[in-house]
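Remarks on the overall topology
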Amino acid sequence: MKLPKLSIITVNLNNKAGLQKTMESVFEQTFKDYEYIIIDGGSEDGSKELIETHSDKLSYWISENDNGIYNAMNKGIVRAQGDLIIFLNSGDYYVSNNLLLYASKRIDPGKADVFFCRFIFDNPVSNIIVVSDDSGNTYDWDLQNSNFPHPGTFYKRSVFLTIGVFDENYKILGDFDWNAKALINHRVAFQYVNLITAFFRADGVSNAAHHMNTFEHEKNKILSTYFRPAWLFKYINNHKDKIYGALLEKALGKMYKKKLNRVY
C-alpha cells in the first residue's frame, strides 16, 4: 500500500515556547513525506522570528491578523496538498519520533474519510494527565458527549472540498460542529484507530475558564442543530440513571448508528 502524504497544520498566536516544542516534534519525525504549514495570527512574542528561522523546513507559513482559530485553520486547509490533513496546534506534540510512520501505515485513505485516534490530555493547572478512551464505542452513534480528539484526528483533504471548511462563526467548537455535520448530515465514513498520537496541552481557548459561557452556548447550538428531536435527547440525558432512560438511550443509539458510516 502506498503511504499517504500528510499535511500538518499548526495554528499559533503568541505562544512561542509552545510553538517551538510543536515544531521540534514535527521536524524530528522519521516519516518525511509530509508538508508542514504554520498559520500565525500576527504574534508579537517572537513567534514570527522563530518561524522565519525554520522557514526552509516549511511548505508554507504566514503571520498576519486573523478572525479566530477557525479562520486560521481554514487558511491552512486552503494551502494543504496532502492526502490527509492533521492539526497539531502550538503547544501540542507527538508522543514519539515514529508516530507519523506508525499512523501512515495504519491509516488507509481509501477506506474512510475521517480517522480518529487517541491522545494524552495534559492539564497544566491540575497537573492531571489522562489518556483518552481506548475504545471507539463512545462514537458509535453520537458526538454529543465526546468530540473527536483534535490532535488525534486525520481528515482526508478531499472531504473538505466536498463539505466545506470550518464555520468561522464558532470561536471554540468549530471542529465539533464540522464533525457532527459531516457524520450526521453527510454520512461521511469514519474509522477509529487505536493509536495514541499526541500530547494535548489543555491550556487553549476551549479550556479557559472565562470562555465557558461561549463554550456552553456553542455546544447547545450544535446539539440542537444535529441531535433531534432536542427534547428527547434532553429527556434521556436527565434520566440516564433510570431504567426507562437507559432503554430510550439504547433505542436512540441504534437509530443514529444506522445513520453513520462507520468502517472497521
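Please refer to the structure placed before this passage.
Heads up: these notes are all about the structure in this document. All values derive from a computational prediction rather than experimental measurement. (Residues numbered from 1 in each chain as written. Predicted model: local features only at pLDDT ≥ 70, side-chain atom pairs only at ≥ 80, totals over all residues. Heavy atoms only, no water.)

Points about the side chain of Lys 75
Stated precisely, the cut-off is as follows: By definition, any uninterrupted DSSP run of H or I lasting at least four residues is a helix, any uninterrupted run of E lasting at least two residues is a strand, and each is numbered from the N terminus. Under the rule applied, a polar contact is a pair of N or O atoms within 3.5 Å (in protein, one hydrogen donor and one hydrogen acceptor; residues adjacent in sequence only if both atoms are side-chain atoms). Contacts: residue pairs with any heavy atoms within 4.5 Å of one another.
With respect to the helices and strands, the residue Lys 75 is situated in helix H3 (residues 69-79). Side-chain polar atoms of Lys 75 contact the side chain of Glu 64, separated by 2.7 Å. Dropping the residues within four chain positions of it, Lys 75 is found in contact with Ile 39, Glu 64, Asn 65 and Asp 66.

Examining a negative patch on the surface
Selection criterion: What goes into a patch is any residue over 30% in relative accessible area without a salt bridge, connected to like charges within 9 Å or, for nonpolar side chains (Val, Leu, Ile, Met, Phe, Trp, Tyr), within 5 Å. Here the accessible surface of atoms and residues is derived via Shrake-Rupley with a 1.4 Å probe, and residues count as covered only by protein chains that are part of the display. Just to be clear on terms, a salt bridge is a Lys or Arg side-chain nitrogen sitting within 4 Å of an Asp or Glu carboxyl oxygen. Asp and Glu count as negative and Lys and Arg as positive, but His and the ends of the chain are not part of the count. Positions of charges follow a simple convention, taking NZ of Lys, CZ of Arg, CG of Asp or CD of Glu.
On the surface, Glu 44, Asp 45, Glu 49 and Glu 52 cluster together into a negatively charged patch. Structurally, Asp 45 can be placed in the loop between strand S2 (34-40) and helix H2 (47-53).

With respect to a nonpolar patch on the surface
Taken together, the side chains of Trp 231, Tyr 235, Tyr 244 and Leu 248 present a nonpolar region at the surface, about 430 Å² in accessible area. Going through the elements one at a time, helix H8 (230-238) and helix H9 (243-259) are the ones with two or more residues in the nonpolar patch. Among the structural elements, Tyr 244 can be located in helix H9.

Some points on helix H1 (residues 16-27)
Note the following rule: Between the first and last residue of a helix there are one fewer steps than residues, each counted as 1.5 Å, and that sum is the expected span.
Between its terminal C-alpha atoms H1 stretches 16 Å, which fits the 16 Å expected from 12 residues at 1.5 Å a residue. In the core, the buried residues of H1 are packed alongside strand S1 (6-12), S2, H2 and strand S5 (93-94).

Quick word on the nonpolar core
Counted only if it meets this: Among buried residues, those of type Ala, Val, Leu, Ile, Met, Phe, Trp, Tyr and Cys that are joined through side-chain atoms within 4.5 Å constitute a nonpolar core. Each residue's exposure class comes from its accessible area (1.4 Å probe, protein chains only) as a fraction of the maximum for that residue type: buried when under 20%, exposed when over 50%, partly exposed otherwise.
Membership of the largest hydrophobic core comes to 29 residues, with the highest contact counts inside it found for Ile 8, Tyr 34, Tyr 36, Tyr 94, Leu 100 and Phe 154. Listed in part, the 25 residues of the second largest apolar core include Tyr 70, Met 73, Ala 80 and Phe 87.

This is a description of form; function is not addressed.
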